[in-house]
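Working through the structure, step by step
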Amino acid sequence: MNKTATAYRVTAFDLAPQLQELRLEPPDADQVQVKIHAAALNFADTLMCAGTYQDTPTPPFTLGLELAGEVTALGKDVTGLTIGQRVAVFSGQGGLATYGNFAASRCVPIPDSLGYDAAAALQIAYGTSHMALSYKARLMPGERLVVTGAAGGVGLTAVEIGKRMGAEVIAIARGTDKLAIAQKAGADHLIDAEADDIRDQIKALGGADVVYDAVGGALYEACFRATNPDGRILLIGFAGGGLPQIKPNHMLVKNITVIGFYWGAYLGFKPAPFLASLSQLFDWAARGEITPHISNRLPLSQVDDAMDLIRSRQATGKVIVTP
């Protein structure tokens, strides 16, 4: 009897994704088959629906960039993994399904003390923030870190990791409820994103040494103007909808470095720091030193509602879909 999988598929960029029943093929030689227990949503999933994400596959494809589950079959060339093993997978696609076949090189064993939800939620959001702050920006203890979108999926992890690295963290988010979540994650100072004096508030606190910007637009401009000489600005994303206006003459005069950072690409061209970062994060999580904030859990049958939470920016932290 042929096995099947339920998957949330993009069939064309002008059509809404839909759940489909697919034949489950055996894994290729370098793949493992995974029974998916949890998938974490990202803003990139919403962009992939319209074909506007930088790594969007050609339709048809299954959405879901990161997942956690149990290995149920091995390709003939796979070593180092076993059937029944619990793994997290940064898949790039295929996570919003009941089963999937994924490259063995993208699988990271899950420590016994870590649940599937947490393992799925840790990868992109925490991986992005940890590599951006440690590997790219070289954040140092005592420096002042400004995080925009500080209650969102990646922003909240930047607050938590920045604080753990010894920084003084300024969180910018919209409204008192979201700011309270950022404060609970470790933020030292809170600024409402709706304020019209964000630059002045940051300057009053001593200015920014590092800016972690996941929003872009006018908020980037305010943070840039509040960045201290020799500061670093990380471009993480543009959830606010507007691309930042880069001013190289101002960068030159203030000795400011603007750093573009796309976490997912490192697995392809420079995997060593990528894998070292994930290993560090899983170790921290297994010891309870970091805890993914999961604001919503929905079944695969309600995946449309889960996607709407991301599009409307109602989620605070990660949204998990469970088959």
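Structure's up top.
Within each chain, residues carry numbers counting from 1 in the order of the written sequence. Local features in this predicted model are restricted to residues whose pLDDT is 70 or higher, and side-chain atom pairs enter the listing and the counts only when it is 80 or higher, whereas totals over whole chains, interfaces and linings include all residues. Computation of side-chain values covers all heavy atoms of the structure but excludes hydrogens and water.

So, the overall build of the protein
Secondary structure is summarised from DSSP: a helix means a run of H or I of at least four residues, a strand means a run of E of at least two, and numbering begins at the N terminus for each. Check the secondary structure of the protein and you find ten helices and 16 strands. In this setup the radius of gyration rests on C-alpha atoms only. A globule is expected at 2.2 Å times the number of residues raised to 0.38. Scaling as 2.2 N^0.38, a compact globule of 323 residues should have a C-alpha radius of gyration of about 20 Å, and the protein matches this with 20 Å. Here's how the labels work: a residue is buried when its accessible area is under 20% of the maximum for its type, exposed when over 50%, partly exposed in between, all with a 1.4 Å probe on protein chains only. The buried share among the 323 residues of the protein stands at 52%. The contact rule is simple, with two residues in contact once any of their heavy atoms fall within 4.5 Å. A separation threshold of at least 6 residues defines the contact pool for the protein, and within that pool the share at least 24 residues apart is 66%. Carbon together with sulfur atoms contributes 51% to the accessible area of the protein, which is approximately 13800 Å² in total. This count recognises Lys and Arg as positive and Asp and Glu as negative, with His and chain-terminal groups excluded. Where a charge lies is defined by one atom per residue type: Lys uses NZ, Arg uses CZ, Asp uses CG and Glu uses CD. Of note, the protein has its 27 positive side-chain charges centred 4 Å away from the centre of its 31 negative side-chain charges. The method behind every accessible area is Shrake-Rupley, applied with a 1.4 Å probe, and residues are considered shielded solely by the protein chains displayed.

Looking at helix α10 (residues 303-311)
In an α-helix, one full turn covers 3.6 residues, which means residues spaced three or four apart are oriented alike. Looking only at α10, the buried set comprises Val303, Ala306, Met307, Leu309 and Ile310. Buried residues in α10, looked at end-on, bunch into an arc of 150 degrees, giving them a common side. The elements touched by buried residues of α10 are β1 (4-10), β2 (18-23), α1 (43-50), β15 (294-299) and β16 (318-322). At the exit of α10 stands Arg313, carrying a positive phi of roughly 60 degrees. By definition, the arc is the one covered by directions from the helix axis to the C-beta atoms.

Overview of the sheet that holds β2
One open sheet holds the three strands; their spatial order is β2-β1-β4, and the pairing between them is antiparallel. In this open sheet, the two edge strands, each paired with only one partner strand, are β2 and β4 (61-62). Pairing between β1 and β4: two bridges, direction antiparallel. Considered in β4, the bridge of Arg9 is made with Thr62. Paired strands are those between which DSSP finds at least two bridges.

Some points on the pairing of strand β9 (residues 144-148)
Among the five residues in β9, five count as buried, and that is most of the element. Taking every second residue as pointing to the same face, both faces of β9 are buried, with Arg144, Val146 and Thr148 on one and Leu145 and Val147 on the other. Judged from the five bridges that link them, β9 and strand β10 (residues 168-173) form a sheet pairing that is parallel. Each residue of the ladder has a partner; that of Leu145, found in β10, is Val169.

Some thoughts on the layout of surface pockets
Within this scheme a cavity is a closed region of a 1 Å grid, computed over the protein atoms alone, that accommodates a 1.4 Å probe without allowing it to escape, whereas a pocket is open but has protein on both sides within 12 Å along at least five of seven lines; lining residues each have an atom within 4 Å of a point. Grid points are joined across faces, edges and corners, and a volume is the space filled by probe spheres set on the points. In this structure, the largest pocket spans a volume of roughly 1100 Å³. Around the largest pocket sit 48 residues that line it, and Phe43, Val154, Ala214, Gly237 and Ala239 are the ones nearest its centre. The nonpolar class holds Ala, Val, Leu, Ile, Met, Phe, Trp, Tyr, Cys and Pro. Asp, Glu, Lys and Arg form the charged class, and all remaining residues, Gly among them, are polar. In terms of residue class, the lining of the largest pocket is made up of 29 nonpolar, 15 polar and four charged. Its boundaries defined by the atoms lining it, the second largest pocket holds a volume of some 480 Å³. In terms of lining, the second largest pocket is formed by 22 residues, of which the most central are Gly94, Tyr99, Gly100, Asn101 and Phe102. Of all the elements in the fold, those that place two or more residues in the lining of the second largest pocket are β1, β2, β4 and β7 (99-103). At five residues, β7 tops the list of elements feeding residues into the lining of the second largest pocket. For the lining of the second largest pocket, the class distribution of residues is ten nonpolar, seven polar and five charged.

Observations regarding the packing of helix α2 (residues 116-136) against helix α3 (residues 155-164)
Angles run from 0 to 180 degrees between N-to-C directions of axes, and those axes are lines fitted to C-alpha atoms, restricted for helices to the stretch in contact. Between α2 and α3, the least distance of the axes is 9 Å, while the angle of their chain directions is 45 degrees. Put simply, α2 runs oblique to α3. Both α2 and α3 take part in a crossing whose hand is right-handed. Judged by residue contacts, Ala125, Tyr126, Ser129, His130 and Leu133 of α2 engage Thr157, Ala158, Glu160, Ile161 and Gly162 from α3. In these notes the angle categories are as follows: under 35 degrees is roughly parallel, over 145 is roughly antiparallel, 65 to 115 is roughly perpendicular, and the rest is oblique. By definition, turning the near helix anticlockwise from the far helix through less than a right angle yields a left-handed crossing, and turning it clockwise yields a right-handed one.

Observations regarding the sheet that holds strand β11 (residues 189-192)
Strand order in this open sheet of six strands is β11-β10-β9-β12-β13-β14, and the pairing throughout is parallel. Two strands close off the open sheet at either side, each with one partner strand: β11 and β14 (257-260). Going across the sheet, the axis of each strand differs from the next one's by a mean of 15 degrees, ignoring polarity. With respect to the sheet, α2 is in contact with β9, β12 (208-213), β13 (227-235) and β14, its orientation differing from that of β12 by roughly 150 degrees. Across the sheet, helix α6 (residues 217-225) is in contact with β9, β10, β12, β13 and β14; its angle to β13 comes to roughly 155 degrees.

Thoughts on α2
Between its first and last C-alpha atoms α2 spans 29 Å; for 21 residues at 1.5 Å apiece the expected length is 30 Å, and the two agree. Of all the bends found along α2, the most pronounced is centred on Leu122 and spans about 45 degrees. A positive backbone phi angle near 55 degrees is found at Arg138, which sits one or two residues after α2. Expected span of a helix, by definition, is 1.5 Å for each gap between consecutive residues, and there is one gap fewer than residues. Bend at a residue means the angle formed by two fitted axes: the first through the 7 residues ending at that position, the second through the 7 residues beginning there.

None of the figures reported here should be taken as evidence of function without further support.
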